[in-house]
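What follows is the residue order along each chain.
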Amino acid sequence: MNTQKWVIDPAHSEVSFKVRHMMISNVKGEFKTFSADITTRDDDFSKADVKVTVDAASIATGNTDRDVHVKAPDFFDVEKYPEIMFKGKKLEPVDGDGSFEIYGELTIKGITKEVKLDVEFGGIQKDPWGNEKAGFSVNGKIDRTEWDLKWNAALETGGVLVSDTVNINCEVQLMRSA
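Scoring rules and cut-offs
Residues numbered from 1 in each chain as written. Predicted model: local features only at pLDDT ≥ 70, side-chain atom pairs only at ≥ 80, totals over all residues. Heavy atoms only, no water. Phe/Tyr/Trp six-rings, centres within 6.5 Å; stacked < 30°, edge-to-face > 60°. Helix = DSSP H or I, 4+ residues; strand = E, 2+ residues; numbered from the N terminus. Buried < 20%, exposed > 50% of the residue type's maximum accessible area, 1.4 Å probe, protein only. Lys NZ or Arg CZ within 6 Å of the ring centre and 35° of its normal. Patch = residues over 30% accessible without salt bridge, like charges linked within 9 Å, V, L, I, M, F, W, Y side chains within 5 Å. Areas by Shrake-Rupley, 256 points an atom, 1.4 Å probe, with all protein chains shown as cover. Salt bridge = Lys/Arg side-chain N within 4 Å of Asp/Glu carboxyl O. Lys, Arg positive; Asp, Glu negative; His and termini not counted. Charge placed at Lys NZ, Arg CZ, Asp CG, Glu CD. pLDDT = per-residue confidence, 0-100. Contact = heavy atoms within 4.5 Å.

**Q** What is the right way to look at the packing of aromatic side chains in this model?
**A** Each aromatic ring pair is specified by the distance between its two centres and by the angle formed by the two planes. What the rule picks out here adds up to six aromatic pairs. Ring plane angle 45° and centroid distance 5.8 Å describe the contact between Phe17 and Phe31, whose orientation is recorded as tilted. Taken together, the residues Phe17 in strand 2 (residues 14–21) and Phe31 in strand 3 (residues 25–31) connect sequence positions 14 residues apart. Accessibility assignment for this pair places Phe17 and Phe31 in one class, buried. With a centroid separation of 5.0 Å and 70° between ring planes, the pair formed by Phe45 and Phe136 is classed as edge-to-face. In this pair, Phe45 is assigned in strand 5 (residues 44–55) and Phe136 in strand 10 (residues 132–143), connecting sequence segments 91 residues apart. By relative accessible area, Phe45 is classed as buried at 8%. Classification of Phe136 as buried rests on a relative accessible area of 11%. The structure contains a cluster of three or more aromatic residues connected by ring pairs, namely Trp6, Phe45, Phe121 and Phe136. The side chain of Lys90 reaches across the aromatic face of Tyr103, ending 5.0 Å from its centre.

Here you go:
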C-alpha cells in the first residue's frame, strides 16, 4: 500500500457559501485562499486523512462594505482568528457511486465543533499535461451561532436580517503531489 499526497488545484476549486438575507433571498460569498493536506492509501479516498485551511481574510461577498463587516469582530474577527480549519475524522460511504459523508472538526474563531458534510467523488483523471486530478463536490449546513458568529438585526416586520443557517458548497479538484 502506497501513501499518496494530494493538494488543491486552486484554479479549479472553490470554497463558497450562501446565507438567507432578510429571510427573502440568498447572499453568496466565497473564500479566495485555501489549502488542503490530504493523504490517501493508494487512490482510496474513503480512508483519507483530510486537513483543510482557509484564510478567513480572503472572504469575498461581492460587496466591499459587507466584506469589511464580516472580517470584523462581529463575525470572523480575522485579526485575532486568521484561519478556519477543517480536520476530517471519518468518511462513511453513502452508496456505491462514490458518495460519502465526512465527519470532522470545524474550527472558526477558535471554537471547534463536529460537523458532517456530504461528499460526491467525481473520479480521477489525468490532465493533458500528465497531472493526476481527483474531483469532489462537498456540501453541508452549519448554524453559524455555534461558532460565535452571532451578529444580527431584527426586521421591523418580523424575522432577522441574517439567517443562522449557512449553506456550504465546495467544488474541489485535487492534484496528486509529486
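Now that the structure is up, let's keep going.
**Q** Would you mind showing me how to read a positive patch on the surface here?
**A** Residues Lys18, Arg20, Lys28 and Lys141 make up a contiguous surface patch of positive charge. Looking at where Lys141 falls in the secondary structure, it is placed in strand 10. Classification of Lys141 as exposed rests on a relative accessible area of 60%.

**Q** Is there a simple way to explain the confidence of the model for the chain in this structure?
**A** In low-pLDDT segments, the atomic positions of the prediction should not be examined closely. With 89% of its residues at a pLDDT of at least 70, the chain reaches an overall mean of 87. Across the chain, the secondary-structure element scoring lowest on mean pLDDT is strand 2, at 84, and the one scoring highest is strand 6 (residues 59–60), at 94.

**Q** Would you mind showing me how to read the pattern of salt bridges here?
**A** Opposite charge on two side chains allows them to pair when their charged atoms are near. As enumerated under the stated definition, the model contains eleven salt bridges in all. Among the salt bridges present, the one from Lys5 reaches Asp37, with a minimum N-O distance of 3.5 Å. With a gap of 32 residues between them, Lys5 in strand 1 (residues 3–8) and Asp37 in strand 4 (residues 34–41) connect regions that are remote in the sequence. Across the pair Asp148 and Lys109 runs a salt bridge whose closest N-O atoms are separated by 3.7 Å. Of this pair, Asp148 sits in the loop between strand 10 and strand 11 (162–176) while Lys109 sits in the loop between strand 8 (99–108) and strand 9 (111–126), placing them 39 residues apart in sequence. The class for Lys109 is buried, based on a relative accessible area of 10%. Here the residues in one salt-bridge network are Asp9, Asp127 and Lys133, joined through shared partners.

**Q** Quick question: what am I supposed to make of the environment of Gly140 here?
**A** Residue placement: Gly140 occurs in strand 10. For Gly140 and Ile168, which are 28 residues apart along the polypeptide, the C-alpha to C-alpha distance reads 5.1 Å. Among all residues touching Gly140, those that are not within four sequence positions of it are Leu117, Val166, Asn167 and Ile168.

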